[in-house]
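Chains, contacts and geometry: an overview
Listed here are the chains, written in short residue letters.
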Amino acid sequence: MNFLPRTLQRRSGNGQAADGEVETGGNGQVEIPGALRRGPGRTGNGNGNGNGHSPGDGDGNGKPGTGLIDKKALVEGATEVPISVAGWLDERTGGSSVARAVLYRKVPKHDWSYTLGSAALFAFVAQAVTGVFLAMYYDPSANRAYESVQHLTNDVFLGELVRGMHRWGATVMIVLIFLHMGQTFFYGAYKYPRELNWVIGVVLLVLTLAMGFTGYLLPFDQRSFWATIVGVNINASGPIVGPYLADFLRGGAEFGSATLSRFYAIHMLLIPGLLAALIGAHLYLVIRLGTSSPPWTRAVKKRSYAHEEI
Amino acid sequence: MNNREKEQYLREYSLLKNKGEPFFPYTVYKDGIMAIVTLAVIILMAVVLGAELGPKADPTTTTYVPRPEWYFFFLFELLRVVEPPSLVFLATIGIPTICMVLLILLPFVDRNPERDPRRRPIAMLAGATTIAAMLYLTVLGATAGAPTEIELATSPQHEQGRSVTAASGCLGCHKFGESGGQLGPALTKVGARLPRQAIARTLINPTAPMPSYQKLREDDPEKFDRLVNYLASLK
Ligand code: HEM
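The following paragraphs examine the structure supplied in this document. Values in this document were obtained by computation on a predicted structure and should not be read as measured data.

**Section: the overall build of chain B**
Looking only at helices and strands, one finds 10 helices and three strands in chain B. When the elements of chain B are put in sequence order from the N terminus, they spell out α-β-α-α-α-α-α-β-β-α-α-α-α. Buried residues in chain B amount to 39% of all 235 residues. When the accessible surface of chain B is summed, it comes to about 13000 Å², and 65% of that surface belongs to carbon and sulfur atoms.

See below:
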């Protein structure tokens, strides 16, 4: 743990808890990680050790004062700035113990297929960023939408690139999500204790597809217009809620300008908000439960393990 | 999984975790490389494939055949596979909803503690079948003959009428022989069901969601007549 930033080291006052994710009990028995343990007995959250540790005191950098401007001390003081800023923040937020727990937690060795989830996350962030730039030029009224997209594509500096990135980023994100889902399926990562993360994942998949559907209408060209009419009509054919859902999407019985602003609000406020919140929950569970290890890895060689079983 | 199996898993997992690496830099490094690759692919696609913008949406033209994004092709194709109109709601809403519910229930249905794919033959079979079906439907949707083509034998006098019909977007919702959508009734034999006059009346004053062809009749009566004559000839 010697690569810990200095503040973080200093902060970790209670010794072993710094790398206390998995403790090995005295008699060689391995305990269940804290996050998976029920009830009391969780250790090492760094509570109650903050008092008396004002950042920068008492760890041996108090040089004997000479009264002259000491260049070395100045440089050292300057390098301390980020650390004391971090310390200042940490003293008030307790963020460093969280950061430490997240960054330096141990993860089982895994292969490259485990990067698919974070790649999907990255694609989502890329969509959010390019989407913000598109929103600066987009006008969600039936009369002006097409022209605003045309202006953005043809006249605005890098407009076509950003639009292209948003458009193809959607495809990339969907592909990554399907691959990520396939990975967690084939690796059996949806099993105990990660069932809930699978359920959240399915909702994320549906929401992402809904992003694709609502975004498709926005350029308001012939293709997007007619495809969306058919899509909404398909919704209308559903039993019981179908017609209501279709009315909600259209903003009335007719397909008109209310439809466009509705799709716009759903596409850039409602679904992204839900997505962000659920991705947060998804990641929280990943951190709490730990990423699974590939199913063919074994902690102990087969035979001795079987022996221990008895 | 019973309690013993759960505890066994947790014990095994904590051993593996203990033998693992710190998230930073081990995972962050891999994820970072993957993020760069993802960004590169997105930019490359944006530069090569661009961001096209078709003609402006026009509710009065009906010459446009709707086509969804490729990742909805498999849903769209379901519509063509399901034949009887009374079952269309199954294809549009029913099957996708059932699939989603099954997906959500997966971890509660499959309670086999085994995680190694080599020892989960049933799960692997189900997964592979699902993937194959979705790929198959997607490819079907992607290669479905240009949705503006009618592949019915036509007598020479109705040749022109056929192209007018094909270009008028009817195929988006109606079937002509093998091609066409399922939203409206099939028109393969509409001439046998409806007289010429009734067809013309429907075109001018259709029931929702079908668009009206009144504008076509005003702009180009000859074209409109060809369209109606062709439809009436389908028996
Ligand atoms: C917006 C879409 C999604 C994002 C951003 C996302 C993100 C992530 C990330 C970053 C991880 C941890 C690293 C990894 O194992 O890949 C993860 C794990 C996981 N995800 Fe997703 N995910 C998404 C959608 C889904 C979907 C659609 C499913 C399945 C239906 C799913 C199921 C899981 C499961 C079960 C895990 C735990 C895997 C393990 O511990 O090995 N996720 N997700």
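**Here we look at the interface of chain A and chain B**
On the side of chain B, 82 residues touch chain A, which itself brings 98 residues to the contact. The contact between chain A and chain B buries some 8700 Å² in all, and 68% of this surface belongs to carbon and sulfur atoms. It is Tyr192, Gln222 and Trp226 of chain A that lose the most area in chain A upon contact with chain B, and together they represent 9% of the buried surface on that side. Viewed at the interface, chain B and chain A are joined by four salt bridges. Of the charged contacts in the structure, one is a salt bridge between Arg223 of chain A and Glu52 of chain B, with a shortest N-O distance of 3.4 Å. Across the contact surface, chain A and chain B share 31 residue pairs in polar contact (both at pLDDT 80 or more). Of all elements in the fold, only α3 (95-103), β1 (106-107), α4 (116-137), α5 (145-154), α6 (159-186), α7 (195-217), α8 (222-236) and α11 (302-309) of chain A reach the threshold of two or more residues within the side of chain A that touches chain B. Across the side of chain A that touches chain B, the residue classes tally to 59 nonpolar, 22 polar and 17 charged.

**What to know about the site of the ligand**
Residue and element names in this part refer to chain A. Around the ligand sit 25 residues, and of these Tyr114, His180, Gly201, His282 and Ser292 come closest. Here an oxygen atom of the ligand and a backbone polar atom of Tyr114 are 3.1 Å apart. In this structure, an oxygen atom belonging to the ligand sits 3.4 Å away from a side-chain N or O atom of Arg194. Among the elements of the structure, α4, α6, α7 and α10 (257-289) are those that each provide at least two residues to the shell around the ligand. Taken together, the residues of the shell around the ligand sort by class into 14 nonpolar, 10 polar and one charged.

**Looking at the pattern of salt bridges**
Residues and elements named next belong to chain B. Across all of its chains, the model carries 13 salt bridges over all chains by this definition. For Asp116, the salt bridge goes to Arg118, with nearest N and O atoms at 2.8 Å. With a relative accessible area of 64%, Arg118 lands in the exposed category. One salt bridge connects Arg196 with Asp225, and the closest N-O pair in it is separated by 3.7 Å. Of this pair, Arg196 sits in helix α8 (residues 196-204) while Asp225 sits in helix α10 (residues 221-233), and the two are 29 residues apart along the sequence.

**As for the coordination of the iron atom of the ligand**
Residues and elements named next belong to chain A. Distances from the iron atom of the ligand to its protein donors, His180 (NE2) and His282 (NE2), fall within 2.0 to 2.1 Å. What the six donor atoms of the iron atom of the ligand show is an angle range of 84 to 179° at the metal, which sorts the shape as octahedral. Taken together, the residues span a long stretch of sequence, with His180 in helix α6 and His282 in helix α10 at a distance of 102 residues. The class of His282 is buried, set by a relative accessible area of 14%.

**Here we look at a nonpolar patch on the surface**
Judged by side-chain polarity, Val125, Val129, Val132, Phe133, Met136 and Tyr137 of chain A come together as a nonpolar surface patch covering roughly 560 Å² of accessible area. Position of Val125 of chain A among the secondary structure elements: in helix α4.

The rules we used
- Each chain carries its own residue numbering, running from 1 in the direction its sequence is written.
- Each chain takes a letter, starting from A, and each ligand takes a number, starting from 1, following the order in which they are written.
- Given that the model is predicted, a residue must reach a pLDDT of at least 70 before its local features are reported, and side-chain atom pairs must reach 80 or more before they are shown or counted; all residues, however, enter totals for whole chains, interfaces and linings.
- Side-chain calculation: all heavy atoms of the structure are included, whereas hydrogens and water are not.
- In this description a helix means any DSSP run of H or I spanning at least four residues, a strand means any run of E spanning at least two, and both kinds are numbered starting from the N terminus.
- For each residue, the accessible area found with a 1.4 Å probe, counting protein chains only, is set against the maximum for its type, and the residue is called buried under 20%, exposed over 50%, and partly exposed in between.
- Where accessible areas are quoted, they stem from the Shrake-Rupley method and a 1.4 Å probe; at the residue level, only the protein chains shown are allowed to cover.
- Contacts: residue pairs with any heavy atoms within 4.5 Å of one another.
- Throughout, buried area stands for the accessible area (probe radius 1.4 Å) lost by two parts on being put together, summed over both.
- Within this document, salt bridges are pairs made up of a side-chain nitrogen of Lys or Arg and a carboxyl oxygen of Asp or Glu, the two lying within 4 Å of each other.
- Distance and chemistry together define a polar contact, namely a pair of N or O atoms within 3.5 Å, with one atom able to donate a hydrogen and the other to accept it when in protein, and with adjacent residues in sequence counting only for side-chain atoms on both sides.
- Under this grouping Gly is polar, as are all residues other than the nonpolar Ala, Val, Leu, Ile, Met, Phe, Trp, Tyr, Cys and Pro and the charged Asp, Glu, Lys and Arg.
- Residues are labelled near a given molecule or strand when at least one of their non-hydrogen atoms is within 4 Å of it.
- Note: metal donors comprise N, O and S atoms at 2.8 Å or less from the metal (3.2 Å for Na, K and Ca); water molecules are not included, so apparent gaps in a site are possible.
- Irregular is the default label, applied whenever a site is not tetrahedral (four donors, all angles between 85 and 135 degrees) and neither square planar nor octahedral (four or six donors, opposite donors over 155 degrees apart, all other angles between 65 and 115).
- Each patch is built from residues that are more than 30% exposed by relative accessible area and take part in no salt bridge. Like charges join if they lie within 9 Å; nonpolar side chains (Val, Leu, Ile, Met, Phe, Trp, Tyr) join within 5 Å.

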